[in-house]
Amino acid sequence: METLIETIGLRKTYGDRVAVDGIDLAIPEGEVFGLLGPNGAGKTTTVLMLLGLTEPDAGVVRVCGLDPTRSPLAVKRQVGYMPDTVGFYEDLTGRQNLRFTAWLNELDDDLAETQIDQLLEQVGLTEAGDLRVGAYSRGMRQRLGVADALIKDPRVVILDEPTVGIDPEGVIEMQGLISRLAKEEGRAVLLTSHMLHQVQQVCDRMAIFVGGRVVAEGSAEQLAAGVDEGVTVYEIVTPAEEATIRAVVDERFGPATPIGPGRWRVGVPASEVGTLFRALVDADVPVRQMRDLGMELDVIYSRYFGDTVEVTS
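Residues numbered from 1 in each chain as written. Predicted model: local features only at pLDDT ≥ 70, side-chain atom pairs only at ≥ 80, totals over all residues. Heavy atoms only, no water.

### Thoughts on the confidence of the model for the protein
In this model, the protein carries a mean pLDDT of 87, and residues with pLDDT of at least 70 account for 90%. Segment residues 307–313 is flagged for pLDDT under 50; beyond a separation of four residues in sequence, or across chains, it makes 13 contacts in the model. (pLDDT = per-residue confidence, 0-100. Contact = heavy atoms within 4.5 Å.)

Shown next, in the form of structure tokens:
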């Protein structure tokens, strides 16, 4: 497979602050790759350098074999980008907004109309295409943003926080769309996110950013293999009150995370599972189910960041 995104020793500073420090990435066609990390970790700066919107201080950047600094227009023709806040003309319809983007990209009118029809169908907005964007929900805007990024049929698609603010059903639809862009259409898809559980479900590989550096890279399974202690995630189903759960679990085993009514997620070393179960029983906590979820990405993530970042799932 052809490598469509490559960085070698990529570095960028702003005054005394190092935003990106020696980043090496190689992302081939047909892959969904995630950049993970809290605000200020270097994700956005990396994306800006890939787009040719800021120049690196050192290192090499290649997008579709091109240097974004030397050939920014050529790179932009190959890359579709959806920012975290997608801006559209509110009084125009979805179709009219896409026409405007097509015009900006100098697409032939007839070709653009065909492309727009196909894209609206692809993102599930055929019936909404002739409605004003001002009436769109957040999820509809995000899907229109993907269509907007695809209007020029790019080889590389960069999506910044594509699932933020979308309802659970919309998240599933967006994940399916992202996967199809890579697997069925052969594009390289790069997404930035802090929605760790969602990233685990859609990304083939991911890189964890800390302080401008990539501290770990690989699939979720590969990242889990590099984490000490063999921490495994367990789902506990119980009608017990939150205060009771926290009194038993938090201080000894780490914070329990609510994941639904009467459902909690706890990460513990395999050797401590029996101890956890006995502690719940001794405290008269009615355990209806205790299920091994394996090593989930949020646990892996927290091992690299400790208590310095809020983990969202």
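Having seen the structure, we can now continue with the description.
### Side note on unusual backbone geometry
Positive phi values are uncommon outside glycine, yet D153 reaches one of about 55 degrees. Considering the arrangement of structural elements, one finds D153 in the loop between α5 (138–150) and β6 (156–160). The phi torsion at D284 lies on the positive side, around 60 degrees, for a residue other than glycine. Assignment of secondary structure puts D284 in the loop between α10 (273–282) and β13 (289–294). A relative accessible area of 67% places D284 in the exposed class. (Helix = DSSP H or I, 4+ residues; strand = E, 2+ residues; numbered from the N terminus. Buried < 20%, exposed > 50% of the residue type's maximum accessible area, 1.4 Å probe, protein only.)

### Looking at the environment of D57
With respect to the helices, strands and loops of the structure, D57 is situated in the loop between α1 (43–50) and β4 (58–63). On the basis of relative accessible area, D57 is assigned to the partly exposed category, the value being 45%. Each C-alpha atom, one on D57 and one on R11, is 5.7 Å from the other, the two residues being 46 residues apart in sequence. Those residues in contact with D57, other than ones at most four positions away along the chain, are R11, K12 and T13. Within polar-contact distance, the side chain of D57 engages the backbone nitrogen of T13 at 2.6 Å. (Polar contact = N/O pair within 3.5 Å; in protein donor to acceptor, adjacent residues only side chain to side chain.)

### Some remarks on helix α3 (residues 94–104)
Listed in full, the buried residues belonging to α3 are G94, R95, N97, L98, T101 and A102. Along the axis of α3, the buried residues cluster in a sector spanning 160 degrees; they form a single face. In α3, the exposed positions angled more than 90 degrees off the buried face are occupied by W103 and L104. Just beyond α3, the residue with positive phi is E106, at close to 60 degrees. (Arc of directions from axis to C-beta.)

### Structural notes on the nonpolar core
Core analysis: the largest hydrophobic core is formed by 41 residues, its most contacted members being L125, L144, V146, I178, V189 and L191. Looking at this core element by element, the count peaks at six residues for helix α6 (residues 168–183). Counting residues in each nonpolar core, the second largest holds 25 residues, with V47, V61, C64 and I158 among its members. (Core = buried A, V, L, I, M, F, W, Y, C linked by side-chain atoms within 4.5 Å.)

### Quick look at the packing of aromatic side chains
Each aromatic ring pair is described using two quantities: the centre-to-centre distance and the angle formed by the ring planes. Counting across every chain of the model gives two aromatic pairs. For the ring pair Y89 and F100, a centre distance of 5.6 Å and an interplane angle of 85 degrees mean the geometry is edge-to-face. A residue pair is termed long-range when its members are at least 10 positions apart, and Y89 in the loop between β5 (79–82) and α3 and F100 in helix α3 qualify at 11 residues. Residue Y89 is classed as partly exposed on the basis of its relative accessible area, which comes to 48%. Residue class for F100 comes out partly exposed when judged on its relative accessible area of 32%. A centroid spacing of 5.9 Å and a plane angle of 25 degrees characterise the contact between F100 and W103, whose relative ring orientation is stacked. Of this pair, F100 and W103 both sit in helix α3, three residues apart, roughly one helical turn. When its relative accessible area of 59% is taken as the criterion, W103 is described as exposed. Through a chain of ring-to-ring contacts, the aromatic side chains of Y89, F100 and W103 assemble into a single cluster. (Phe/Tyr/Trp six-rings, centres within 6.5 Å; stacked < 30°, edge-to-face > 60°.)

### Overview of the sheet that holds strand β8 (residues 205–210)
Taken together, six strands build an open sheet; the order of strands is β5-β6-β7-β3-β8-β9 and the sheet is mixed. Here the strands that pair on one side only, and so sit at the sheet edges, are β5 and β9 (213–218). When strand polarity is set aside, the average angle formed by the axes of neighbouring strands in this sheet is 15 degrees. Bridge analysis of β6 against strand β7 (residues 188–193) gives five bridges, and the strand direction is parallel. (Pairing = 2+ DSSP bridges. Axes fitted to C-alpha atoms, helices over the stretch in contact; angles between N-to-C directions.)

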